[in-house]
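Listed here are the chains, written in short residue letters.
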Amino acid sequence: MPSMSPIRIQVLSGVKFDDLCEVRIIPKTGCFIIEVVYEIPPKSDFFCSLSAGLDAVIDIGLDNLAKIVFNDLTIQPIIVNGKPLKSVNQFYNKQVAKFRGFLPKGIGKSRRIANIVRNRNQFVNSYLHQSTKMIVDEFLSLGVTHVSIGKNEQWKTRLNLGKRTNQNFTQIPHAKFIEMLTYKLERVGITVKVAEESYTSKASFIDWDIIPTYEPNNKVRHVFSGRRVKRAWYVSKHDFKIHADVNAGLNIDRKSNPEGFDCLKSILRDRGCLVVHPRRITPLFKRVHAESRVA
């Protein structure tokens, strides 16, 4: 209860009063933000005994905020829905453009615009926190010990994906998502590695293509065995199909953590063995498993 006021703030369970460092009250447009600062216990207090050997890889995207695959192919891949985040961001741009048009020459400040920005930022932060919490819970239940996250340096500069896609992709805070997920995973004893992911969407996992690293000054054109068909499918050299996001995720972990995928070299890649449709989960809404959608 800061300053003996009637305001009660819920904090992390198990935090003692002596662990609190300070309470900051920050005035914002139309509200006050109350930040409770406390010391985080050592990682060993949160460490869970996890079975070694299960690796996971996360591919960051737009419509699919995170695509998660595992080096155990019997585990169904997971997709974290990014469309609510994209939709809120599009509406935010539309509203800001509308009310900025009421300002003289579009220049100046507006309390209405400030409220729109605040509401958008609060939704984004809440969605990212809930998404990362769901991912950590899934990994703990499965016993994941190592996580690779694909991210290229300067991946949002000089984009040429179209005006609308550029706007959506650059305004989604993927770096903040990776930062949140990294510290939450490390607190429970899961090793995290942020790795370079160039050419992972073009290479064929089924054909075990060599995955080069992008070099800006290198004019060599790399040729791969398979090709991407439509939006969700990747076709290998011998016309075997695999989900495109699953193919990219497996290539990211094969490139960043090859030791974790040695066990897959002996798997017979026959028709249908890797045709896996991921299970989609959406924060803020009731989770619907793939089995319940089967007619």
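Every chain is numbered on its own, with residues counted from 1 as its sequence reads. In view of the model being predicted, local features appear only for residues whose pLDDT reaches at least 70, and side-chain atom pairs are presented and counted only at 80 or more, with totals across whole chains, interfaces and linings using the full set of residues. Hydrogens and waters are ignored; side-chain quantities use all the structure's heavy atoms.

Labelled according to an unreviewed UniProt entry, the protein chain appears under the name Transposase, originating from Nostoc flagelliforme CCNUN1. UniProt positions are given in the numbering used here, feature names are shortened, and annotations may be inferred rather than shown by experiment. Here is the UniProt Sequence similarities (unreviewed entry) comment for the protein chain, exactly as written: "In the C-terminal section; belongs to the transposase 35 family."

This part covers the environment of Gln95. Note on conventions: DSSP H or I runs of at least 4 residues are helices, E runs of at least 2 residues are strands, and numbering of each starts at the N terminus. Within the secondary structure, Gln95 sits in helix α1 (residues 83-100). In sequence terms Gln95 and Ile116 are 21 residues apart; their C-alpha atoms lie 7.6 Å from each other.

In an α-helix, one turn spans 3.6 residues; hence positions three or four apart end up facing the same way. Helices are assigned an expected span. That span is 1.5 Å times one less than the residue count. Here helix α2 (residues 111-142) contains 32 residues, and its C-alpha end-to-end distance of 47 Å stays within 8% of the 46 Å for a straight helix at 1.5 Å per residue. Each polar contact in these results corresponds to two N or O atoms within 3.5 Å; when the atoms are within protein, one needs to be able to donate a hydrogen and the other to accept it, and residues that are neighboring in sequence are counted only if both atoms are side-chain atoms. Two or three places before Arg112, at the start of α2, stands the capping residue Ser110, its side-chain oxygen 3.3 Å from that residue's backbone nitrogen. Following α2 by one or two positions, Gly143 adopts a phi angle in the positive range, close to 85°.

With that settled, consider the nonpolar core. Ranked by internal contacts, the top residues of the largest apolar core, which has 33 residues, are Ile58, Ile68, Phe70, Ile135, Phe139, Val147 and Phe177. Those elements that provide at least two residues to this core are β3 (55-60), β4 (64-70), β5 (78-81), α2, β6 (146-150) and α4 (174-187). Here this core takes seven residues from α2, the largest share from any one element. Not counting residues up to four positions away in its chain, the partners in contact with Phe139 are Ala56, Ile58, Ile68, Phe70, Val144, Val147, Leu185 and Ile190. Residues grouped as a nonpolar core are buried Ala, Val, Leu, Ile, Met, Phe, Trp, Tyr and Cys residues, joined through side-chain atoms within 4.5 Å. Note on classification: 1.4 Å probe, protein chains only; a residue is buried when its accessible area is under 20% of the maximum for its type, exposed when over 50%, partly exposed between these limits. Grouped together as the second largest cluster of nonpolar side chains are eleven residues, Ile206, Phe240, Leu250 and Ile252 included. Here a residue-residue contact requires only that any non-hydrogen atoms of the pair lie within 4.5 Å.

Think of it this way: a Phe, Tyr or Trp ring, Trp meaning its six-membered ring, pairs with another when their centres are within 6.5 Å, and the plane angle makes it stacked under 30 degrees, edge-to-face over 60, tilted otherwise. According to the stated counting rule, one finds three aromatic pairs in the structure shown. Summarising the aromatic geometry, the rings of Phe99 and Phe102 are spaced 5.8 Å apart at their centres and angled 80° between planes, so their arrangement reads as edge-to-face. Phe102 gets classed as exposed once you look at its relative accessible area, which sits at 60%. For the ring pair Phe123 and Tyr127, a centre distance of 5.9 Å and an interplane angle of 25° mean the geometry is stacked. Of this pair, Phe123 and Tyr127 both sit in helix α2, four residues apart, which is roughly one turn of the helix. Residue classification places Tyr127 among the buried positions, given a relative accessible area of 0%. Whether a charge sits over a ring depends on NZ of Lys or CZ of Arg being within 6 Å of the ring centre and within 35 degrees of the ring normal. Residue placement shows Arg120 over the ring face of Tyr92; its charged tip is 5.1 Å from the ring centre.

Attention now moves to the sheet that holds strand β10 (residues 241-243). Read across the sheet, three strands follow the order β8-β9-β10 without closing on themselves; strand pairing throughout is antiparallel. Edge positions in the sheet fall to β8 (227-229) and β10, since each has one partner strand and no second. Sheet twist, expressed as the average angle between the axes of neighbouring strands with direction ignored, equals 35°. Where strand β9 (residues 233-235) lies against β10, three bridges are found, and the strand directions are antiparallel. Along β10, the bridge assignment pairs Tyr234 with Ile242. Strand pairing is assigned whenever DSSP detects at least two bridges linking the two strands. Lines are fitted to the C-alpha atoms to define the axes, a helix being fitted only along its stretch in contact, and any angle between axes, read from their N-to-C directions, falls within 0 to 180 degrees.

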